[in-house]
Amino acid sequence: MKCVPCILLPLAVSLTSLADTPARDLPEAERGIMNTVDPWGLAFGDQWTRYQTIFAAGTNAPFALGVTHDLVKLWPNKYWFRGETVPAGASFLRAGERWCLAGEVQSFQVAVLPRPGASGDTYRLSISAPGLEATVYRQVFVKTSPLATYPRYASERWPDPLIPESAVCVAGLDCGAFWVDLKIPVTSGRGVIECTVAVSNSAGAVAGAVVPLQVVSGPHQNPKEFPCVAWCRRPPAVTEDQFRDMCALMLEHHVQPLNVLQGLWDPAKPEKFDDLRTFLAEHGQTLFQVDSPEAPAFASLYAHLKTNGWLESAISYSNMDEPSRETFVTKNIPFTQLTRQKYPGLRIFLASDRHEDMDQGCDIWMTDVSASGYDPERDAGLQRPVLWHYYCHLPIHWQMRAPLVAAPKTLIDAPALEARLVFWMARRFGAQGLFYYAGNHGLDGTNIWSALTLPDTTMNYPYGGVLNGNGWCVYTSPDGQRSLPSLRIKILRDGLEDLALFKAADAAVRDGRIRGKSAKALSTLLDPVPGVFVHPHYFDSQPATLLKRREAILRALAGIPEKKWK
């Protein structure tokens, strides 16, 4: 990571508005964007004015540090950063307090904001977080495909791959971006834990911030109790050990690689199947997709599952994917009925628009929230079949009652908030699981690291178009030896931790740990409608709304004496 030292250009524009600054006095890179607006519609003149104020307390500072929460995606243009800032050389910033629960992972983001006109430099982040396990990732900006036609903010590059590194090289208009994970031990007591971050450049200038965490302890939570599952296959160039590492990485974020046992069953050599299942279970996996009941050796696999007490955690996909009405009646229903007769207790799951007699064709029905046949209020808490929400941005053989793009999305070029809202909506509408397409299907054979550009490949279904990020939430490292998380899988993890928090809060009300007006107030907070969203296609787009609601729930739980949780 070699960059030329930071050199400030002789600018006569410090702390002035663009209206007072002749274009010839702007740095060359800034002149290239001076007649543009940012993705929110803010004119560059106002971006420039705001950026100058960052350095008001450090007129000679070569860069500034920015801190923001984990529910926004940082675009690469440094003028677009919004968050708390402090220039190098000034007293460390005391950032806003974050409320969190013992046992979860609290995250925030750090931005490196070079002064206008600064040439390239390398910046290093250090962190001190007593009693916490801290991991720093460098955020990588990737160029998304312009062929994607859905509405999105106007940024060519978006952050997604995360590399465990604490140094970043920044030049031109770019900012540097870090993601910080703080794993809070479940044994942590209540109180404030202060995390200190500092960024330095090659000349030794330092900017820093203290990020206080207000920890609430007591409630038990297990984010893996809610099944968030994704299909995951072993790419040809990935070794078995590397693939296990990828599965473990997904499970670390509570996303279950659902189908990795498929094709492994050999009745003469069951050890390979058993060994991988044991590995996954030890990492917290609770559901396992097994071979189709139509597979030649399935009878022996079924007997093996029953003998080992694994049948309840086994599911199998239906014979026809996303069927039309005719296909559902003539193919899926007979398949499911025969399976129930031959292999009692084996559950069949299916992604599909809603059909009549849905329970005859599957035990778990996965539906997109925009599907014409799905009514969130009518189908809330559906038990026959069990309801799951389904997030693939190219459902087929469906009709839509509302625009798919108006519902929350899990794409790279979609706001971070949306990938978190999917879990709040699942809880509100009684979905008992969430299927995410997919863990690692989207980048097979594609090396994004040389050009940091996503492929223009269209989806397999005819006329399916380009969808940036549909099909993967983990990466293979540039050297091909490791697995790397994405920013999106971090957000999925946070959403699953939200569900675990809600479950603990529900239990506090139900068990009488919190009573009277306090219990009524907490129950109100636990209902996100209408404060956080109204329905799946109409939600508050401000991350602060969700974060404040979560904080309010934690504040309510903090009022329960710790001894009541024991």
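Just above sits the structure.
Residues numbered from 1 in each chain as written. Predicted model: local features only at pLDDT ≥ 70, side-chain atom pairs only at ≥ 80, totals over all residues. Heavy atoms only, no water.

A. Focus on the sheet that holds strand S5 (residues 105-114). Pairing in this open sheet of six strands is antiparallel, and the strands run S2-S1-S5-S10-S7-S8 from one edge to the other. Both outer strands of the open sheet, strand S2 (84-87) and strand S8 (157-163), are each paired with one neighbouring strand and no more. Within the sheet, the average angular offset between the axes of one strand and its neighbour, ignoring direction, is 30°. In this sheet, strand S10 (residues 176-183) lies alongside strand S7 (residues 133-143) in antiparallel orientation, the contact comprising six bridges. (Pairing = 2+ DSSP bridges. Helix = DSSP H or I, 4+ residues; strand = E, 2+ residues; numbered from the N terminus. Axes fitted to C-alpha atoms, helices over the stretch in contact; angles between N-to-C directions.)

B. Molecular detail of the pairing of strand S11 (residues 191-200). Across five bridges, the pairing between strand S6 (residues 121-128) and S11 is antiparallel. Counterpart to Ile127 in the pairing with S11 is Val197. Pairing of S11 with strand S12 (residues 206-216) involves ten bridges; the strand directions are antiparallel. Note that in S12 the partner of Ser200 across the bridge is Val206. Count of turn residues in the S11/S12 antiparallel hairpin: five residues, of which Gly204 carries a positive phi of about 95°.

C. Main features of the pattern of salt bridges. As enumerated under the stated definition, the model contains 27 salt bridges in all. Salt-bridge contacts for Arg138 lead to Glu165; the nearest nitrogen and oxygen are separated by 2.9 Å. One end of the pair, Arg138, is in strand S7; the other, Glu165, is in the loop between S8 and strand S9 (167-170), with 27 residues separating them in the sequence. A relative accessible area of 18% means that Arg138 is categorised as buried. (Salt bridge = Lys/Arg side-chain N within 4 Å of Asp/Glu carboxyl O. Buried < 20%, exposed > 50% of the residue type's maximum accessible area, 1.4 Å probe, protein only.)

D. A look at the side chain of Asp38. Looking at the secondary structure, you find Asp38 in the loop between helix H1 (28-31) and helix H2 (44-54). Judged by its relative accessible area of 4%, Asp38 is buried. With residues up to four places along the chain from it excluded, the contact list for Asp38 reads Gln47, Trp80 and Arg82. (Contact = heavy atoms within 4.5 Å.)

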